[in-house]
Structure formats: C-alpha cells, structure tokens
Amino acid sequence: MTLLQDNRKGIPSMKKPFKSCLIIVLIFFFVILVGILVMFLARICQPAGPWPMPPWCSAGNTSTFLPSGTDQEPDQFFYLSSDQIKNLFKSTALLISPDKIEKISEIHADGVAWYTLSQYKWAPMNVKAFHAGGLHLLGASMTIRHLNVQEAKSMTEMAALDINGQPIPLTKPGMPGYMEGEYFYSIFNPDWQQLLIEQGKAFVDMGAEGVSMDEPATYGLLVFEAGGSFDEYSLAAFRNFLEKKYSAEELAANFDIENITSFNFRDYLIEKGMQETWNASQQQPPLITYEFFLCQHQGATDFLKRFSKELKEYADIKYGRQFVLGINSPPQYDFARYIPVDFLDYLIGETFYFSLSHGRTLTSAKLLEGVFDRPIFYLAEVGLDRGQIPLQTKNLFKYMFADIYSNSNAGMILTKDGLYTMKDGVYLENDAKIQIDPAEANRYIDFMKANQALFGLEEPTEIALVVSVPSLVSNGLPSSEPLWGSSETFAIMDVLLNNRIPFSTITSGNGIWTEHKLTLDELNQYKVVILPNVDAISEDEVNALLDYVKAGGIVIQVNNFAGFDALGQRISRPQLGDVSGQGKHTIGSGVWENLGWVDKLGDYRWDSENNRQMLPSEQSLDFPPAVIIRDAIFTYTDAPVVSDAPVTVNMRRFADDRRVVLHLVNTDFDQTTDTFKEPGSFSITVKVDGRSIRTVRLYDFEKGEASNLEFTQDGDLVTFSVPGLFAYSIVELSE
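Reading the values: the criteria
Residue positions are given per chain, counted from 1 along the sequence in the order it is written. The model is predicted, so local features are restricted to residues of pLDDT at least 70 and side-chain atom pairs to those at 80 or more, both for listing and for counting; the totals for chains, interfaces and linings are taken over all residues. With hydrogens and water stripped out, all remaining heavy atoms of the structure feed into the side-chain values. Labels follow the DSSP assignment, with helices taken as runs of H or I lasting at least four residues and strands as runs of E lasting at least two, numbered in each case from the N terminus. Each residue gets one of three labels from its accessible area relative to the maximum for its type: buried under 20%, exposed over 50%, partly exposed in between, using a 1.4 Å probe on protein chains only. Residues are treated as being in contact if the distance between any of their heavy atoms lies within 4.5 Å. Only the protein chains shown count as cover for residues, and all accessible areas are computed by the Shrake-Rupley method using a 1.4 Å probe. Note on pairing: DSSP must find at least two bridges between two strands before they are called paired. An axis is simply a line fitted to the C-alpha atoms; with a helix, the fit covers only the stretch in contact. Between two such axes, the angle follows the N-to-C directions and lies from 0 to 180 degrees. Nonpolar core, defined: a set of buried Ala, Val, Leu, Ile, Met, Phe, Trp, Tyr and Cys residues in which side-chain atoms within 4.5 Å join the residues together. Cavities and pockets were defined on a 1 Å grid built over protein atoms only: a cavity is a set of grid points that admits a 1.4 Å probe from which the probe cannot escape, a pocket is an open set flanked by protein on both sides within 12 Å along at least five of seven lines, and lining residues are those with an atom within 4 Å of any such point. Grid points are joined across faces, edges and corners, and a volume is the space filled by probe spheres set on the points. What sets the label is the angle itself: under 35 degrees gives roughly parallel, over 145 gives roughly antiparallel, 65 to 115 gives roughly perpendicular, and the rest give oblique. Each residue receives one of three labels: charged for Asp, Glu, Lys and Arg, nonpolar for Ala, Val, Leu, Ile, Met, Phe, Trp, Tyr, Cys and Pro, and polar for the others, Gly being one of them. Here, the arc refers to the directions that run from the helix axis to the C-beta atoms.

## Comments concerning the overall build of the protein
- A tally of regular secondary structure across the protein gives 18 helices and 31 strands.
- Counting every position in the protein, which comprises 735 residues, the buried fraction comes to 55%.
- If you take every contact in the protein between residues at least 6 apart in sequence, the share linking residues at least 24 apart comes to 76%.
- When the accessible surface of the protein is split by element, carbon and sulfur atoms take 52% of a total near 31,100 Å².

## Quick look at the sheet that holds strand 27 (residues 695-700)
- With respect to topology, five strands assemble into an open sheet ordered 22-23-31-27-28, the strand pairing being antiparallel. The outermost strands of the open sheet, each flanked by one partner alone, are strand 22 (649-655) and strand 28 (705-708). Adjacent strand axes in the sheet meet at a mean angle of 20 degrees, parallel and antiparallel pairs treated alike.

## Overview of the nonpolar core
- Formed by 135 residues in total, the largest nonpolar core has its most connected members in Trp192, Leu242, Phe265, Phe307, Phe397, Phe401 and Tyr728.
- No other element matches the 13 residues that helix 10 (residues 287-319) contributes to this core.
- Residue contacts for Phe401: discarding those within four places in its chain leaves Met412, Tyr444, Ile445, Met448, Phe701 and Tyr728.
- Of all hydrophobic cores here, the second largest spans 29 residues; its members include Val467, Ala491, Phe503 and Val598.

## A word on empty space enclosed by the protein
- Scanning the model with the defined rule gives four cavities of 30 Å³ or more in all.
- As for the largest cavity, its lining consists of 17 residues, and the residues nearest its centre are Arg360, Asp403, Asn650, Val665 and Thr667.
- Counting residues per element, the ones that place at least two in the lining of the largest cavity are helix 12 (396-405), strand 22 and strand 23 (659-666).
- Here the lining of the largest cavity takes three residues from strand 22, the largest share from any one element.

## Some words on the packing of helix 7 (residues 232-245) against helix 10
- Between helix 7 and helix 10, the least distance of the axes is 10 Å, while the angle of their chain directions is 110 degrees. By the angle between their axes, helix 7 is roughly perpendicular relative to helix 10. Two secondary-structure elements touch here, helix 7 through Ser234, Ala237, Phe238, Phe241, Leu242 and Lys245 and helix 10 through Ile288, Glu291, Phe292, Leu294, Cys295 and Gln296.
- Residue composition of the contact of helix 7 with helix 10, grouped by class: eight nonpolar, two polar and two charged.

## Side note on helix 3 (residues 82-90)
- All of the buried residues along helix 3 are Ile85, Leu88 and Phe89. Buried residues along helix 3 cover an arc of 95 degrees about the axis, so they all sit on one side. Of the residues in helix 3, the exposed ones pointing more than 90 degrees away from the buried face are Asp83, Asn87 and Lys90.
- Packed against the buried residues of helix 3 are strand 3 (136-143), strand 5 (324-328), strand 6 (346-353) and strand 7 (376-383).

## With respect to the sheet that holds strand 16 (residues 554-564)
- A sheet is described by the order of its strands in space; here six strands give the open sequence 14-13-15-16-18-17, paired in mixed fashion. Strands at the two margins of the open sheet, each flanked by one partner only, are strand 14 (504-508) and strand 17 (583-587). Averaged over neighbouring strand pairs, the angle between their axes works out to 30 degrees when direction is ignored.
- Contacts between helix 15 (residues 488-498) and the sheet are confined to strand 13 (463-468), strand 14, strand 15 (528-536) and strand 16, with strand 15 contributing the most and set at about 160 degrees to the helix.

Below, the structure written as structure tokens:
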C-alpha cells in the first residue's frame, strides 16, 4: 500500500509540520540577520575563538591580529608623487591626528599623521574618509615595541628577556596599566621584525602613504630601564657586535673575554657577579654595558632602515605609490636616545607645552641644521604641572603655532578633538583634554597658507654654535670620571635668540645620532664659532678648530674644552697649551677667546629651585652669565636686528636674494588664563646686507591682514615701527 493511499484513509498529513518548521527556520535566520545588522552598525565583535569573525572584525591576513586592507576595493584617490611629497614637506604643512572622523574637516589640514589603525574593518573605512576630505595619511601610527592591537597578545616566544630569563612586561611612558599582560619584544627576533613589517604593509594596503613610528629608541633604553634583553637573538647579535668591533687582544684586555665564539653575555655577568650592578646607572656605565646599549640601539636602527626599504618597495611594486617614514626622535637633551636620521623622510617631536620640561621648538629644529634637510613635525601636547589650563582655549593654539612655524624647517601635528594632556607625568582621559578653537586655529592656518612665500627661508648668520653629541651625552659614556653633559649648549641658544642674534649649529657627532664631524671647510663659513662646554671631542676636530683660528677665525670657548675623547676618557691635548688659560689668545691670524668657567650659565634655562625649565617669558637680558656670553659675541660682530621691544618678543631674521623677512613671536603668554600680554608699539632696525629696500610690509596673523609700514634706510640699516604684536606677525622688507 502506498503512502498516498494511507493519507487518503485518514493518516495525518505532513504538510502542517513542514510549514511550521519552515516558519521557525525563517524566524531563526531573520533573528540572525537582525543580529548581524546590529553588530555591523555598532561594530560589535565577539571574542576570538575557533569560529569565523565577522568581516568588520576579522583581518584578511594570515595573522588574525594584524590589520587588514588587502581585500578593499581601491578608491579613486590621487596619491602623492615623489615630487609632490617633497614640495609638501618644503611648504607650511600642517597635519592632524583626528579622533572623531566626522569632524576632520574642522581643521584646514594638509594630511594626517600619528593616527592609529588597527585590525578592524573601520580602519580602512576611515582612511577612505580621509581621502574623501582630500587628506593624505602620511603617518599611520606604529610603535616599535608593540603592535596596534586591542588587547595583549603575550607572545612569550618573541619576548625580550631579563637576566633571569623572564619576559619583560611592556610599559608605556605616561600610560600606567596600558595593555597589561603584554611584553617588550626582542628587536633581534626575526619573527617580531616580520610582524612589524606585515603590519606596515597592511597599512599601505589600506591607503596609508606613510608610517609614524613611535618609541624608536626603546631598545637602547631597555638596557637600563628593564635590564634586557637576554633572548637568544640578542645574545647572538651582541657576540657578533663585539667580534666586529674588537680584536681578540682587545676583547681580552678590555673585557676579559678569551673566546668570543662561545661568549654568552648573560653567563658572563653571572660569572663576574654583576647581576645587580651591570645596568644600575646610566651615568658612567661599565664599558661592556655601554657596548650592549650600543648593540641594542644599532639593532633598532638596522630594523628601521629595513622597514623603510621594504615598505617603499612594497608600495611601489604593488600600487605604484610612494611611502614615507617618520619617527618620534627629536634631537634635544639626551642624544643617547636618538636614532640616526639620514634614512628618514621626516621627524616627529613630541612637544609638551607648559610641562616642567617646556622648551622652545627652536632647540631641536636648530640641532637638525646641517644634519637633516627634511622637516620635523611637532606633535603639540600640553602639561598642567605649571597650573590648570582652561579646558576650552582660544589663544593656546596661536602660542604653539608661532613657536613652531617661526622655524624654517618645522610643521605641526595637531591632535584634533583634544590635545594630549599630561599631569604629573600621566596622560589624562579624553574628558580632561585641553581643547582648541577650530575657527581661531583656521584663521592662522589660512593666513599662513595665503602667504607661504614668507616661510621656509634661509637664516643667514656669521655665528656657529658647535653641538657636541659626545659632550651632550657625556654623563652616559663609560668615562673614567664623572661628566655632566652640556646644558650650556641650550642656554647659549636662548641667549642668542633673546638678543636677536641669528646663529647656525654645526654638529660634532659620535655615530649614535649622526656621524657628522667638524671640518675646516664648514668652520670657514663662519666669522665666530662658539664652543659650549665641548668636553668630549675627537683629535681631528680639535685640529680643525685650531687651523680655523690660525686662518683668521674667532673661537669663543665657554667652560671646558677637549679634556676627553669621544668615549669620555681623559686625554692629553698638548696642542691646546696656548689657549688653555682664560683670556684672549692670538693664534696665527685669528683669536681664541677662553671665557673660562661661566658659573650658573645653565640656570638661564633651568630653574633648579623649582626643578623645571624656565619659560621664555621668565628669561631676561641682564642675567649675569648671559651678559658675559652676549658681550663676548658683540666684541667680534654686530647684531643684525636691534629693537626696543621687550625680551619676550622673539625675532628671527630670514632672507632670500631680494628680501629680508622677520618673524616676530610674542612669548608673553599666560596659559592659565589663555591670554597674551601685548608689548605695544616698538621700533626695529635691521641690517639688509646691501639691499635697497622699496617696501616694508607687516603681516598680522591676528588681524589676518597685511599693511605697509613707513621706514627709513641709512646705508645698510632699515628702521621702522611695529604698531603692536598679539601672537605672531611677519615683516617683509623687499627690494
């Protein structure tokens, strides 16, 4: 009997249960679809597991925690060519680091940097939002010490190890508790290097035209701050490092190493009983510790060079695009922290306005002269350790803007939707971030863009200040006796700026930051060369300075000179016998003036009583040590700019073939009330170097207008009056 026959005899039909099941299945799928829609709209991601991740969460790469972008459809954005990047970096570029994508158009920026991408699919969507706004992502933010991930990965197999073989926990400056459970990773570990490179490639896939690399000096500092790393790759690298640098005889004499092929640094320290002392202090470390620091530092440098090379090749071959690399490594006080810069496309300098370490950007911008011909972008941040700053500000941006763009080689990275704000060394939460007024900021930005010919000019001068890297880091050298750095370098910079004396810097390097050395040809470009406590210097450079003076040059020596070699070891320099005493010494056709010890010169910049930097508005022209420096300089040269304006009005003199351009910056700013103290009317007399001036034009950023000024010319000197100064003005004297 057939089933049909059974149904006809009253056996229950299967149509109703089937229909009910179909309805249940449809409802089930409907609920799933609604859930997926809600997850998509809210960007909700389930915990990682064996199940597949939704497309807005999962990565397209084989490593599930790396950002994706490889499966994104290409947009129609016009990426920058090599020439366009060069022109952008030579212009008055301003970059933003945005928080709220929907508000990126509020600031009239040229591009984006210091912006964190991650493994979620909103990251490439945000890049497309930048592109839709005409913004180039020139700096997808990365850090050499960890990946851009949402939570710790704790990859012990790649971790940096302490002397006991334990993974070293990750720490972040100003961010206690950040990514708890994460580790530092060994920069010599090939798998770790590859992960960083793959992350960089993923950012290129998303549309990034560059990377901003943070914390590049991590691994040198890791030696002293965390006691590492003793992983197998670091130990092998250090063995190779020593073998290349020292002969077998030198290894035995300097370190008591008899067989370098079997040398293990960890075992060596334990055998010598140095477990607790090998990295106890960054001042006067043992030579073996200093070499280990250099090895770790070199490992980071070599990796960054590889990273730059491979990412440039990847962007070019896969997309026909350019790629630029910038690192957060501004040359300032401790050069031991800084990576060589010759291979970079730009630099980044975190600048903490009104923190205890507040300083002018002029310092690091000047230190780059002759060493780095590309821009430095200052990431403007603020500190509250000198008093609370109003949460909503109108004028703070103007103060920072003038400080940065009065340099010829600098630009700004503005953290949109709240400046990074610190107090007591810790970054504050978003609701405590200091805000700037976009409308007020755009007035200054737009006025700058409309008058770009006033920027990026040369700063002619007869005076050079020697920046001795070995002297600056001398307290960290393996010296036989205590050395204390060269704070005089930065104090003299402030003396020169406050007295309106243009100057250049020439660098005596040590290979950590730059190989650049003083040469006779470079010295001969200047009438006066200032030596600010250049305590550690090479023999060839000492002889170049003596030859410079013999040929008619003038040297002004401040404090000590040349008592140590570049490694901080005491050395005899008999050729300096004729200039060793205080006073003026004639050598050949020139003069070596030894000012002797200028007591408390460092206090011109450092408030030792309150343990903080002096603000520009707190300095004076009559501080006795500063007067000694100024008077010595004016013995041999005249100031090209003279004014009755207060010292709080900084003046920078730039020029080209037909113009002299003065940048006027008002540093008299009270951050606690967000107000400038205006100086009123003041006169300026400026040397124009043989130009016959036809117009003197004032560009007032606060008013957003330009106007002609009356002037008189007497030979090579032009005199005029400026009716007032709010934050920033520029005066253009044209033939």
